[in-house]
Amino acid sequence: MFNSIPYGRQHIDQTDIDAVIKTLQSDYLTQGPAIESFELAFAEYIGAKHAIAVSNGTAALHLAALALGAEKKRVITSPITFAASANCIEYCGGEVFFCDIDPKTLLMDLEKLESLLNTHPSGYFSGIVPVEFAGLSVDLEKLKSLAEKHGLWIIEDACHAPGARFSDSKGQEHKAGNGKYADCTIFSFHPVKHIACGEGGMVTTNDDVLADKIKLLRTHGITKSPELMGKNDGGWYYEMIELGYNYRLTDIQAALGESQLRKLDDSLNRRNTIALNYRKAFENYSITIQDVPSNQFHAYHLFIVQVADRKGLYEHLRENKIFAQVHYIPVHLHPYYQAKGWKKGDMPSAEAYYDQCLSLPMYPTLTNEEQEYVIQKVVEFLDNSAN
Ligand SMILES: *Cc1c(COP(=O)(O)O)cnc(C)c1O
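Here's a quick rundown of the structure. (Residues numbered from 1 in each chain as written. Predicted model: local features only at pLDDT ≥ 70, side-chain atom pairs only at ≥ 80, totals over all residues. Heavy atoms only, no water.)

## A few points about helix α6 (residues 140-150)
Note on helix geometry: an α-helix contains 3.6 residues per turn, so any two residues three or four positions apart are oriented the same way.
Here's step 1: Within the sequence span of α6, burial applies to Leu140, Leu143, Leu146 and Ala147. One side of α6 carries all its buried residues, which in axial view fall inside an arc of 125°. For α6, the exposed residues set more than 90 degrees away from the buried face come down to Glu148 and Lys149.
Here's step 2: The secondary structure elements touched by the buried residues of α6 are α5 (110-118), β5 (127-129), β6 (153-157) and β7 (165-167).
Here's step 3: Of the residues flanking the end of α6, it is Gly151, one or two places downstream, whose phi is positive at about 65°. (Buried < 20%, exposed > 50% of the residue type's maximum accessible area, 1.4 Å probe, protein only. Helix = DSSP H or I, 4+ residues; strand = E, 2+ residues; numbered from the N terminus. Arc of directions from axis to C-beta. Contact = heavy atoms within 4.5 Å.)

Structure (structure tokens):
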């Protein structure tokens, strides 16, 4: 009936194409005005003071970690995430610790985090990288108070959650990444995420010093600022004052990103409608779905079901050209992290979740007909396997 239905896909329309063409015909392909324009638009949308565009979400994590001083430090993250959330600490020569998930929200379990912090001497850990998994924010208010008590910084990995929001205990609404609760928040613009740049990433922060540091490290640690240079030989002169990287986004990508950003709210609404349809359709089946606390607006990068025979469902959907995916293989079980001493049994909730999880198609251009077909195939499998 349909060609094939992936779990996620980008939506590029004529306005996106026009924005890219306009940049191609301009004077700048990189480090031009499209970058600054995208950064300003993104900062305004999220409600943060600074937004710094970088080449991808992993680079955003790396620069945020460097700016916060993660070198040789111990940092805690969730095992249910893309490996980059942990790897950024390794890049800095730091050591990653995992804290198990809450099986209901699939986010880092803050009670377990608290006992992890309480069973180690003060100063043992330096930071936390919470992950807004699938598009749902961790309880940032509670996390921030724990972080303050234990002297930890927070890098919020919101790659799944641009536009996710929540009300705090005073009833005030916050968008993930607005800088109120995290020192830095990072986003990815990989095509499976909400905003597609091809490759791309962003760091948001309300801290001027962190913002300057990230901008410096994004371009080799090179500066032309008179106040940062030891001398000035003339108009050509610059100084490299730190060891930085080339983590720049191009203007071509930034133009696409800004055009995509304008459609984010429509996309979030459509994603929420799709999620509601799935939830209703599966109400009477033995399927577990992520809990959404009532003070939260979910960004639904992913819609995940947990079923007893996950492999069976995965194969059944593939046979019907529905390409569901698994997010994620617990990071602590990858050979790289096992070689550092992590093993099966360390994170029971994350491991139990992994045995049953499957991400169903979730993207704004998924049609009602396509979704009905997906639902029909899921239900068909469950009915058959129940007999
Ligand atoms: C996609 C993703 C990243 C990495 O982003 P890239 O742009 O692919 O480098 C990091 N963390 C999470 C949770 C992600 O989903």
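## Considering the nonpolar core
Here's step 1: Counting 71 residues, the largest nonpolar core has Ile76, Ile89, Leu113, Phe133 and Ile155 as the members making the most contacts within it.
Here's step 2: Per-element tally for this core: the top contributor is helix α3 (residues 57-67), with eight residues.
Here's step 3: Each of domain 1 (5-99 + 107-261) and domain 2 (264-386) contributes no fewer than three residues to this core.
Here's step 4: Aside from chain neighbours lying at most four places away, what touches Ile89 is Ala65, Ala70, Lys73, Val75, Gly94, Glu95, Val96, Val129 and Trp153. (Core = buried A, V, L, I, M, F, W, Y, C linked by side-chain atoms within 4.5 Å. Domains from an automatic or database assignment.)

## Section: the site of the ligand
Here's step 1: Contacts to the ligand come from 15 residues, most closely from Gly57, Thr58, Asp157, Ser188 and Lys193.
Here's step 2: Contact distances for the ligand include 2.5 Å between an oxygen atom and a side-chain N or O atom of Thr58.
Here's step 3: One nitrogen or oxygen atom from the side chain of Ser188 is found 2.7 Å from an oxygen atom belonging to the ligand.
Here's step 4: When the free accessible area of the ligand is taken as 380 Å², the share hidden by the protein chains comes to 93%.
Here's step 5: Taken together, the elements giving at least two residues each to the shell around the ligand come down to α3 and α4 (84-91). (Near = heavy atom within 4 Å. Polar contact = N/O pair within 3.5 Å; in protein donor to acceptor, adjacent residues only side chain to side chain. Areas by Shrake-Rupley, 256 points an atom, 1.4 Å probe, with all protein chains shown as cover.)

## Things to note about the packing of aromatic side chains
Here's step 1: Per the stated rule, a full pass over the model turns up 19 aromatic pairs.
Here's step 2: Seen in terms of ring centroids, Phe97 and Tyr124 are 6.0 Å apart; in terms of plane orientation they differ by 75°. Their pairing is edge-to-face. Note that Phe97 is positioned in strand β4 (residues 95-98) and Tyr124 in the loop between α5 and β5, a separation of 27 residues in sequence.
Here's step 3: Phe97 gets classed as buried once you look at its relative accessible area, which sits at 12%.
Here's step 4: Of the residues examined, Tyr124 reaches a relative accessible area of 25% and is grouped as partly exposed. (Phe/Tyr/Trp six-rings, centres within 6.5 Å; stacked < 30°, edge-to-face > 60°.)

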